[in-house]
Amino acid sequence: MSETAAEAVAIGPNILQKILDTTRECVLVVDASLRVSNCNVPAAVAFGRDGLDLEDKRLSEVIRDLDLHEAFQRALGERASSDIRLKIHAGGRKFDVHVAPIELGGEPHAIGFFYETTQIDRLEIVRQEFLSNISHELRTPLTSILAFVETLEDGGIEDAENNRRFLSVIRRNAERMKTLIDDILELSLIESGKVSVDIREIALAAAVGDIIGTLSAKAGEREIKLVNNVADDAKIAVDPVRLDQMLTNLIDNAIKFNRTGGSVTMSHERTGERDAISVADTGEGIMPEHIGRIFERFYRADRSRAREIGGTGLGLAIVKHLARLHGGEVTVSSTLGVGSTFTVEIPAR
Ligand code: ADP
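As a starting point, this report considers the structure included with it. Every value quoted in this text rests on a predicted model; they were computed, and no experiment measured them.

A separate point is the packing of aromatic side chains. In total, this model carries 6 aromatic pairs according to the counting rule given. With a centroid separation of 4.9 Å and an interplanar angle of 55°, the aromatic rings of F47 and F114 are classed as tilted. In this pair, F47 sits in helix α2 (residues 41–47) while F114 sits in strand β6 (residues 107–116), placing the two residues 67 residues apart along the sequence. A single burial state applies to F47 and to F114, both of which are buried.

By nearness alone, 20 residues border the ligand, and N253, D281, T312, G313 and L316 come closest of all. Here the ligand loses 97% of its free accessible area of 530 Å² to cover by the protein chains. Here the element with the most residues in the shell around the ligand is helix α8 (residues 240–256); it accounts for 3 residues. Split by residue class, the shell around the ligand holds 10 nonpolar, 7 polar and 3 charged.

With that out of the way, let us pick up helix α11 (residues 315–325). Within α11, 9 of the 11 residues are buried, which leaves the element mostly enclosed by the surrounding structure. Residues G315, L316, A317, I318, V319, K320, H321, L322 and A323 constitute the buried set of α11. Along its buried surface, α11 packs onto α6 (163–191), α8, β12 (329–335) and β13 (339–347). A positive backbone phi angle near 80° is found at G327, which sits one or two residues after α11.

This part takes up the pattern of salt bridges. Per the counting criterion, the structure on display carries 19 salt bridges. E137 is the partner of R176 in a salt bridge, and the nearest nitrogen-oxygen pair spans 3.6 Å. One end of the pair, R176, is in helix α6; the other, E137, is in helix α5 (residues 118–153), and 39 residues separate them in sequence. With a closest N to O distance of 3.3 Å, E329 and R324 form a salt bridge.

Reading guide: rules and limits
Residues numbered from 1 in each chain as written. Predicted model: local features only at pLDDT ≥ 70, side-chain atom pairs only at ≥ 80, totals over all residues. Heavy atoms only, no water. Phe/Tyr/Trp six-rings, centres within 6.5 Å; stacked < 30°, edge-to-face > 60°. Helix = DSSP H or I, 4+ residues; strand = E, 2+ residues; numbered from the N terminus. Buried < 20%, exposed > 50% of the residue type's maximum accessible area, 1.4 Å probe, protein only. Near = heavy atom within 4 Å. Areas by Shrake-Rupley, 256 points an atom, 1.4 Å probe, with all protein chains shown as cover. Nonpolar A, V, L, I, M, F, W, Y, C, P; charged D, E, K, R; others polar. Contact = heavy atoms within 4.5 Å. Salt bridge = Lys/Arg side-chain N within 4 Å of Asp/Glu carboxyl O.

Take a look at the structure:
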């Protein structure tokens, strides 16, 4: 709140209305009886519930907020300006409000400028959550590394039966941290908009075959069959490196969340203007309450289990962004106990 009394500005009502009409922020002017004498269109839209015409209405009828009321009273009574934060409960919109005295037609008035901060505040929350998630995700493997280093220092290094096992736990956790950091860097690079796609026509069946080759050992460990159902002559226009990244993430998940002896099937369909590439598994499926959130960064349906099987919680967020970079989208359909199908759809060129 400003301590010094602001100079009242004297301007005519017509000039004021013209200025208000060209202002994007919400502006309200009240007279000495705290009734609205002028407002602009953004204010009428933001605060005129159910088409309420704001003019001549009491400020307390338009916005019920004690701090705001006091700020306008200060401007009228003490001719002092104030800054307050306002939260409109219906709709959860937030504003930084500057209230100042103003003279109109020789009469004291008060004017309030409402700068909307809803979006900035939401981004700030997302940023804080992101930082807290990263810290949490890094702390778990780091704690484990420190514990095993300590065990080695305390004599474990001489323990010929276990010292190699301790080292391998340290290595596994260090690798986990590296994967996590690589994924975070990759995601932030894509989200920054600095990544562009290099679209080329490629033979999809061969690209899928290469990824199957890379992941076959992992699938083999759990006797999961990887099936390439893409037609030999299927050609799609895509950034090959990014396609590899998307399909590797999806197939890797389809293996991780599958049952022993299950299968993962890749297929392709051209539907009108779009190419749809699907990865279908015979795994546990995803509960409906998680479906809408699994593409969010760090979201996992079963946190402890997903971490145990080596996930960062960032894979699907990366796929989502990469699909969008192509002007496309990734979707999922899933039946509990039957399996899930992830489909990347991109425009056919
Ligand atoms: P993670 O590194 O945990 O695999 P992702 O972003 O790739 O992170 O996936 C987020 C979550 O979505 C997973 O933890 C899991 O709960 C769920 N999920 C992803 N793919 C599948 C799938 N094929 N079947 C069942 N659940 C899946």
